[in-house]
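Residue strings, one per chain:
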Amino acid sequence: MPTESGSCSTARQAKQKRKSHSLSIRRTNSSEQERTALPREMLEGQDSKLPSSVRSTLLELFGQIEREFENLYIENLELRREIETLNERLAAEGQAIDGAELSKGQLKTKASHSTSQLSQKLKTTYKASTSKIVSSFKTTTSRAVCQLVKEYIGHRDGIWDVSVARTQPVVLGTASADHTALLWSIETGRCLVKYSGHVGSVNSIKFHPSEQLALTASGDQTAHIWSYAVQLPTPQPIADTITCGEDEVECSDKDEPDVDADVSSDCPTIRVPLTSLKSHQGVVIAADWLVGGKQAVTASWDRTANLFDVETAELVHSLTGHDQELTHCCTHPTQRLVVTSSRDTTFRLWDFRDPSIHSVNVFQGHTDTVTSAVFTVGDNVVSGSDDRTVKVWDLRNMRSPIATIRTDSAINRINVCVGQKIIALPHDNRQVRLFDMSGVRLARLPRSSRQGHRRMVCCSAWSEDHPMCNLFTCGFDRQAIGWNINIPALLQEK
């Protein structure tokens, strides 16, 4: 009769263990209701000042917590059994090597390789199984405070861009794929003005530096300049904000905010622009005002950026050189400088300070699409990319960045708090992280079942002077969010 090999015996033992484990899981699940019913009856029999509805909700929540821990416990048991199986398999491989005619050096190399693979697999499995419980109960000593203050809900599709007016009254602007741009009261969250002059997705919105004018870029191959006049409503008492530190409990995905009631239907609607900037042969993905507000720059998927005269709407310069579609453009707050980013993995600096010379510098350092590049104070530019990195550059030295931030997700339109030099990074994975200019992580905005974005975060915008909200974010979940960041505590923790 043929003898059974060691590997077959090991496999059969592992199969029997998994079978008995599955039986134990079924027994656990079948008795779950009986075990949870006992503490419920005991608690319900005790005297309490809580209303019955509140007690019932608490009991249900504690039951969910117990089930979650039970699932984690079962997963840990399964991991232990997998470890034993892997150890037995490693031992069997060692026996097979002993039976072969190998030199001691070859045997040592084989055993070392197998041990390394086992160690890596165990590390990966352990991290995947324990990350949830660690993130749920990890405490933080960070004194940095992030508060969700207000949600701005009313768009019918994802929001691409968010911006804050630089003149009084200070309002919030959002640009959406639903073909509209909305202006909001920051304090009340009420929609003040709706712009519906575009026939395509509105991809960006920027406010004039000194007048009540807005500049929007659209998928209809145009950029519009339109005027608005708003009267802010009386602020209402602010509801209790939710405070958190850098680490927050993760949440499961939820549906987007309910916008069945069109909140923008009651506010004034602007349908005709003052000026329409036309010259592109593709989607206009972004637009911005040059310092002084007399000229505007647009970036398009036709691989060009155009400089326009605002008063006459005439094309002044066409900026060519990118090899692929442009993704963003940004202007310097005090100088006639423009930076454009592109899918060709580069961003370019255009210098219009000398009317007779329009120089251009190319920055190469990313390995994927550069989603945005923005100016900071002094001579620095910060660029973000789909290669999951953010780089800080000195305009006087273009060869290499002075700081690199590596993240775990693609980065969208970044924004820098100029006064405090804090970078806000919106990610594809719904997170928003804060870093300083040297690459030190300061905080992560909270995201749980009750707050935060539920889909990709597209853009962030700082408002350093507003007393209630100093950071705004927007995303594909059709909402913009106003945050209050305790910057002194943030920097003190650093």
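Computed from a prediction, not measured in an experiment: that's the story for all the values here.

Colleague: Explain unusual backbone geometry to me, please; I cannot follow it from the model alone.
Modeller: For residues that are not glycine, phi is negative in most cases, and the peptide bond is trans in most cases. Cis geometry is adopted by the peptide bond preceding Pro169, which originates at Gln168 and carries an omega value of -5 degrees. Structurally, the position occupied by Pro169 is in the loop between strand E2 (159-164) and strand E3 (172-176). Positive phi outside glycine occurs at Gln221, with the angle close to 75 degrees. Relative to the helices and strands, Gln221 is located in the loop between strand E7 (213-218) and strand E8 (222-227). Its relative accessible area of 34% is what places Gln221 among the partly exposed residues.

Colleague: What exactly am I supposed to notice about the UniProt feature "repeat: WD" (unreviewed entry) in the protein here?
Modeller: The feature "repeat: WD" (unreviewed entry), as given by UniProt, occupies residues 152-194, 195-227, 277-318, 319-360 and 363-403 in the numbering adopted here. Taken end to end, residues 195-227 is 0% helix and 58% strand, and its two terminal C-alpha atoms sit 10 Å from one another.

Colleague: So what exactly am I meant to see when it comes to the environment of Ser201 here?
Modeller: Topologically, Ser201 is positioned in the loop between strand E5 (191-195) and strand E6 (202-207). Overall, the relative accessible area of 17% leaves Ser201 in the buried class. Between the alpha carbons of Ser201 and Ser176 there is a distance of 6.3 Å; along the sequence they are 25 residues apart. For Ser201, the contacting residues outside a window of four places in its chain are Trp160, Ser176, Ala177, His179, Ala217, Ser218 and Gly219.

Colleague: Is there a simple way to explain the pattern of salt bridges in this structure?
Modeller: Oppositely charged side chains can pair when the atoms bearing their charge come close. Evaluation of the coordinates by the stated rule reveals eight salt bridges. Lys206 is paired through a salt bridge with Asp161; the nearest N and O atoms lie 3.3 Å apart. One end of the pair, Lys206, is in strand E6; the other, Asp161, is in strand E2, and 45 residues separate them in sequence. There is no split in this pair, since Lys206 and Asp161 are both buried.

Colleague: Would you explain the sheet that holds strand E4 (residues 181-184) in this entry?
Modeller: Hydrogen bonding along the main chain pairs the strands of a sheet, whether they run parallel or antiparallel. Here we have five strands laid out as an open sheet, ordered E2-E3-E4-E5-E10, and mixed in their pairing. On the outer flanks of this sheet lie E2 and strand E10 (269-270), each paired with one strand and no other. Across four bridges, E3 lies against E4 in antiparallel orientation. Bridge pairing in E4 places Thr174 opposite Leu182.

Colleague: Looking at this model, I keep getting lost on the side chain of Thr389. Mind explaining?
Modeller: Position of Thr389 among the secondary structure elements: in strand E22 (residues 389-394). Looking at Thr389, its side chain comes within polar contact range of the side chain of His366, at 3.2 Å. Ignoring any residue separated from it by four or fewer positions in sequence, one finds Thr389 in contact with His366, Ser383, Gly384, Thr404, Ile405, Arg406 and Ile411.

Colleague: So what exactly am I meant to see when it comes to a nonpolar patch on the surface here?
Modeller: Together, Leu50, Val54, Leu58, Leu61, Phe62, Ile65 and Phe69 give the surface a local cluster of nonpolar side chains, amounting to about 600 Å² of exposed area. With respect to the secondary-structure elements, Leu50 resides in the loop between helix H2 (32-45) and helix H3 (52-99).

Colleague: Please clarify how the nonpolar core should be interpreted in this entry.
Modeller: Among soluble globular proteins, nonpolar side chains are generally buried collectively. By size, the foremost hydrophobic cluster in this structure holds 25 residues, and its most contacted members are Phe347, Phe375, Val382, Ile423 and Leu425. Looking at this core, the elements with two or more residues in it are strand E17 (337-342), strand E18 (346-354), strand E20 (370-375), strand E21 (380-385), E22, strand E23 (403-406) and strand E25 (422-426). Among the elements that line this core, the one with the most residues is E20, at four residues. Among residues more than four places away in sequence, those in contact with Ile423 are Val382, Val392, Ile405, Asn415, Val416, Arg433, Leu434, Phe435, Asp436 and Met437. Formed by 19 residues, the second largest nonpolar core is a distinct cluster that contains Tyr152, Val170, Met468 and Phe472.

Colleague: I tried to follow the environment of Lys150 on my own but got confused; where do I start?
Modeller: Looking at where Lys150 falls in the secondary structure, it is placed in strand E1 (residues 146-153). Separated by 330 residues in the primary sequence, Lys150 and Ala480 place their C-alpha atoms 8.5 Å from one another. Non-local contacts of Lys150, meaning those with residues more than four positions away in its chain, are made with Ile186, Glu187, Thr188, Gly189, Met468, Ala480, Ile481 and Gly482.

Colleague: How should I be thinking about the sheet that holds strand E27 (residues 441-444) in this particular structure?
Modeller: Ordered in space as E24-E25-E26-E27, the four strands form an open sheet in which the pairing is antiparallel. Only two strands of the sheet have a single neighbouring strand rather than two, namely strand E24 (415-417) and E27. When strand polarity is set aside, the average angle formed by the axes of neighbouring strands in this sheet is 25 degrees. Sheet topology note: the strand E26 (residues 432-436)/E27 ladder contains three bridges and is antiparallel. By the bridge assignment for E27, Phe435 is matched with Arg441.

The rules behind each value
Residues numbered from 1 in each chain as written. Predicted model: local features only at pLDDT ≥ 70, side-chain atom pairs only at ≥ 80, totals over all residues. Heavy atoms only, no water. Helix = DSSP H or I, 4+ residues; strand = E, 2+ residues; numbered from the N terminus. Buried < 20%, exposed > 50% of the residue type's maximum accessible area, 1.4 Å probe, protein only. UniProt positions renumbered as here; feature names shortened; annotations may be inferred. Contact = heavy atoms within 4.5 Å. Salt bridge = Lys/Arg side-chain N within 4 Å of Asp/Glu carboxyl O. Pairing = 2+ DSSP bridges. Polar contact = N/O pair within 3.5 Å; in protein donor to acceptor, adjacent residues only side chain to side chain. Patch = residues over 30% accessible without salt bridge, like charges linked within 9 Å, V, L, I, M, F, W, Y side chains within 5 Å. Areas by Shrake-Rupley, 256 points an atom, 1.4 Å probe, with all protein chains shown as cover. Core = buried A, V, L, I, M, F, W, Y, C linked by side-chain atoms within 4.5 Å. Axes fitted to C-alpha atoms, helices over the stretch in contact; angles between N-to-C directions.

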